[in-house]
Amino acid sequence: MSWIALKMLTGNRGKYLGIILGIGFASLLIAQQASIFCGLMLQTSGQIRDIQGADIWVMDPNVQFSDDIKPMSENDLYRVRGVSGVSWAVRLFKGLTRSRLEDGNFQQTILLGLDDATLVGAPPRMLLGNILDLRKPNAVIMDIEGYKLLWPKEEPRIGKRFEMHDKVAEIVGICRASRTFQTFPVVYTRYTQALEFVPPERKVLSFVLAQGSPDLSVTEVCQRIQEQTGLRAVTGMQFEWITMMYFMRKTGIPFNFGITVALGFIVGTAIAAQTFYLFTIENIKQYGALKAMGAGNWSLMTMILLQALLVSFIGFSLGIGGATAFGMYANATGSRLAFYMPMEVFIGTGLAVGAISILSSLLSMQRVMVVEPAVVFQG
Amino acid sequence: MNGNNAQPLVTCRDVVKTYGSGNAAVQALRGVNLDVYPGEITMLVGPSGCGKTTLISIVAGILRPTSGGVQALGTELARMSSWRRTAFRRTNVGFVFQQFNLLPALTAAENAAVPLVIQGYSKRAALRQANELLTKMGMADRGDNLPGQLSGGQQQRVAIARALVHHPKLLVCDEPTSALDNRTGHTILELLREIAIEGDRAVMVVTHDPRIFEFADTLARMDDGHIESTERVRERALTA
């Protein structure tokens, strides 16, 4: 019966394409919006991923996310280093400062101060210059996007100067950094140098980056640090989730994207269900004839489900393909659009489309279930 | 009893069918008695609403009578479950509908193969048998045509092929000539006559069309849920 079902479906081109377009539209909207949401959430934690080389982040217990800096005292660094199971621990400064350009313009800038001796947390992808040049006086490394933001008409080059807190900074390297949620330029420098680029404060240690002994699990080392210092110690991945969850809880971003995803689901279901139902109604006499000829309800249900699954599969493929193409195009053209499609979005969209398919076919199934085969004798 | 002293294939006794209940109840059949013999065409004629369609629906196992007995091929249909009646129709009944009810997306051969597919035949086996039957019916070159590409007479031939492909003993035809011109209608009835005689099948035809009454072996005139008269047309014609 399956080939009859498929021929019935594809024989009615208009309805067939209408249902596919409905499901494809829903699939596209759900996948695209969910991917942009994931991209935005990734941006919120991008700087955590960029700080590499240490497994453990130690911070004030009240820190809520990566930009929520609650400075610790220098003593906290030594306390962390004193915890058994910690191989090493270094400082990390993170803060906002203002960059003053040669034309007098100002720009908020994210400043990262790396441990002077080890430069742990240095940018992973250098485009110009050398990380070791950070040891030069007033040296900074800036991310390429930030450079383009500050000097949009210039080609990135080493030697460019600007001021932070009335102190001249000289760019010794250009790196690629993850795009930040605030879109501010990211400037890397040494820890002691960073303190000269910001107004003085009593406590300036933003984070401690630590590494556990190879014979201990990271979780156990984190637990020991927390127990012995009272500070919060988490892995990079945990800190990413803490940051993303903060934005999810405290901002309307998930709600706004959720509305769009829900609308995609509802509109897709409405279009697909209505068109599919109309298709079934158009063929109700044919279904009645099949019933009269001895086709059981189960066979007819299977036919309808098969039709629904086929259009859902094609619609899903078109939608997810469209969303992927959209994301690839956005990335290829250097668009600032946040787009990241993890497997979860793919699977989630598939499940949503599956639900649309089932909801759409349920109405039709119900209609076919109740149709009397005697309908074929009604002229 | 017919002229050949054959046993009836279908026997209806005091068949009553009521739609709805209470004040809204409508009695479509009011105690119908009818015998349908193999190798014959039995025509049900009468005005609209007299119960013809209800009667063939009951005989074909589509509807269950409210009371009375319907024996078809030795089986009591009135007491069968819906599921068993579906199985009965699948094996024993062929249908020819007024508007043909061919699936527009399927070719003539595919349409004719549908009852076999419903029975679980593979597509290839079903199509082979359907094509053989269409060839016998002079439609060999039309097997790949869609219904929309066929004339009314050709569509009705495909519908008849569909009704016969699984070799049912009972053929139920609802106004088989109403959508056809006079000449084509006669051709179709001649075909049904051949089918009835060659396959020793019982053919029941519901019709308004007096031009085809001459093809009936038995003419059952219905009115208001009753069979008013049953006339042995063929015997009379042969005697005359």
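Note that the structure is predicted; figures quoted are calculated from it, not measured.

### Topic: the overall build of chain A
At step 1: Along the backbone of chain A there are twelve helices and ten strands.
At step 2: Over its C-alpha trace chain A gives a radius of gyration of 29 Å, far above what one expects of a compact globule, namely 21 Å for 379 residues.
At step 3: Considered along the principal axes of its C-alpha atoms, chain A spans approximately 95 × 50 × 30 Å.
At step 4: Taken across its 379 residues, chain A has 52% of its residues classed as buried.
At step 5: Considering only intrachain contacts with a sequence separation of at least 6, the fraction spanning at least 24 residues in chain A is 78%.
At step 6: Accessible surface for chain A amounts to roughly 16,900 Å². Of this, 60% is attributable to carbon and sulfur atoms.
At step 7: Taking the 33 positively charged and 28 negatively charged side chains of chain A as two groups, their mean positions are separated by 8 Å.

### Notes on the sheet that holds strand β5 (residues 75–76) of chain B
Residue and element names in this part refer to chain B.
At step 1: The strand order across the open sheet formed by four strands is β2-β1-β4-β5, and the pairing between neighbours is antiparallel. The sheet terminates laterally at β2 (26–36) and β5, the two strands that pair on one side only.
At step 2: For strand β4 (residues 67–72) and β5, the ladder comprises two bridges, and the chain directions are antiparallel. Counted as the bridge partner of Q71 is E76 from β5.
At step 3: Along the sheet, helix α1 (residues 52–59) contacts β1 (10–19), β2 and β4; its crossing angle with β1, the most-contacted strand, is approximately 120°.

### Digging into the pairing of strand β6 (residues 93–96) of chain B
Residue and element names in this part refer to chain B.
At step 1: Alternating positions in β6 separate into two faces, V93 and F95 on one and G94 and V96 on the other, with burial throughout.
At step 2: For β6 and strand β7 (residues 170–174), the ladder comprises four bridges, and the chain directions are parallel. Counterpart to G94 in the pairing with β7 is L171.

### Remarks on the packing of aromatic side chains
Residue and element names in this part refer to chain A.
At step 1: In this structure the tally under the stated criterion is twelve aromatic pairs over all chains.
At step 2: Aromatic pair Y147 and W151: ring centres 4.8 Å apart, planes at 55°, arrangement tilted.
At step 3: Relative accessible area serves as the criterion here: at 0%, Y147 is assigned to the buried category.
At step 4: Within the aromatic cluster, the residues linked to one another by ring pairs are W57, F207 and F239.
At step 5: It is R98 that lies over the ring of F106; its NZ or CZ is 5.6 Å from the centre.

### Describing the sheet that holds β6 of chain B
Residue and element names in this part refer to chain B.
At step 1: The six strands lie next to each other as β6-β7-β8-β3-β9-β10, forming an open sheet whose pairing is mixed. Two strands close off the open sheet at either side, each with one partner strand: β6 and β10 (226–232). Going across the sheet, the axis of each strand differs from the next one's by a mean of 20°, ignoring polarity.
At step 2: Seen against the sheet, helix α6 (residues 182–198) touches β3 (40–45), β7 and β8 (202–207) and runs at an angle of roughly 130° to β3.

### Notes on the state of the cysteines
At step 1: What the rule picks out here adds up to zero disulfides over all chains.
At step 2: You can see C50 of chain B has no disulfide; the closest cysteine sulfur is in C12 of chain B, sitting 14 Å from it.

### Looking at the domain arrangement of chain A
Residue and element names in this part refer to chain A.
At step 1: In terms of domain boundaries, chain A breaks down into domain 1 (2–44 + 253–377) and domain 2 (73–230).
At step 2: Residue-level contacts link seven residues of domain 1 with four residues of domain 2.
At step 3: In this assembly, domain 1 packs against domain 2 so that about 590 Å² is buried in total across both faces, 49% of it on carbon and sulfur atoms.
At step 4: Contact with domain 2 buries surface across domain 1, with Q43, T44 and R336 losing the most and accounting together for 78% of the total.
At step 5: The interface formed by domain 1 and domain 2 contains zero salt bridges.
At step 6: The dominant element in the side of domain 1 that touches domain 2, judged by the number of residues it contributes, is helix α2 (residues 13–44), at three residues.
At step 7: Grouping the constituent residues of the side of domain 1 that touches domain 2 by class yields three nonpolar, three polar and one charged.

### Brief notes about the interface of chain A and chain B
At step 1: The interface of chain A with chain B comprises 22 residues on the first partner and 27 residues on the second.
At step 2: Here chain A meets chain B over a buried area of about 2,200 Å², counting both sides, of which 71% is carbon and sulfur.
At step 3: Counting the surface chain A buries against chain B, the share from its top three residues, W3, M293 and F377 of chain A, is 38%.
At step 4: Summed over the shared surface of chain A and chain B, the result is one salt bridge.
At step 5: Here K7 of chain A makes a salt bridge to E110 of chain B, at a shortest N to O gap of 2.9 Å.

Procedures and definitions
- Residues numbered from 1 in each chain as written.
- Chains lettered and ligands numbered in written order.
- Predicted model: local features only at pLDDT ≥ 70, side-chain atom pairs only at ≥ 80, totals over all residues.
- Heavy atoms only, no water.
- Helix = DSSP H or I, 4+ residues; strand = E, 2+ residues; numbered from the N terminus.
- Rg over C-alpha atoms; globule rule 2.2 N^0.38 Å.
- Buried < 20%, exposed > 50% of the residue type's maximum accessible area, 1.4 Å probe, protein only.
- Contact = heavy atoms within 4.5 Å.
- Areas by Shrake-Rupley, 256 points an atom, 1.4 Å probe, with all protein chains shown as cover.
- Lys, Arg positive; Asp, Glu negative; His and termini not counted.
- Charge placed at Lys NZ, Arg CZ, Asp CG, Glu CD.
- Pairing = 2+ DSSP bridges.
- Axes fitted to C-alpha atoms, helices over the stretch in contact; angles between N-to-C directions.
- Phe/Tyr/Trp six-rings, centres within 6.5 Å; stacked < 30°, edge-to-face > 60°.
- Lys NZ or Arg CZ within 6 Å of the ring centre and 35° of its normal.
- Disulfide = S-S within 2.5 Å.
- Domains from an automatic or database assignment.
- Buried area = accessible area lost by both parts, 1.4 Å probe.
- Salt bridge = Lys/Arg side-chain N within 4 Å of Asp/Glu carboxyl O.
- Nonpolar A, V, L, I, M, F, W, Y, C, P; charged D, E, K, R; others polar.

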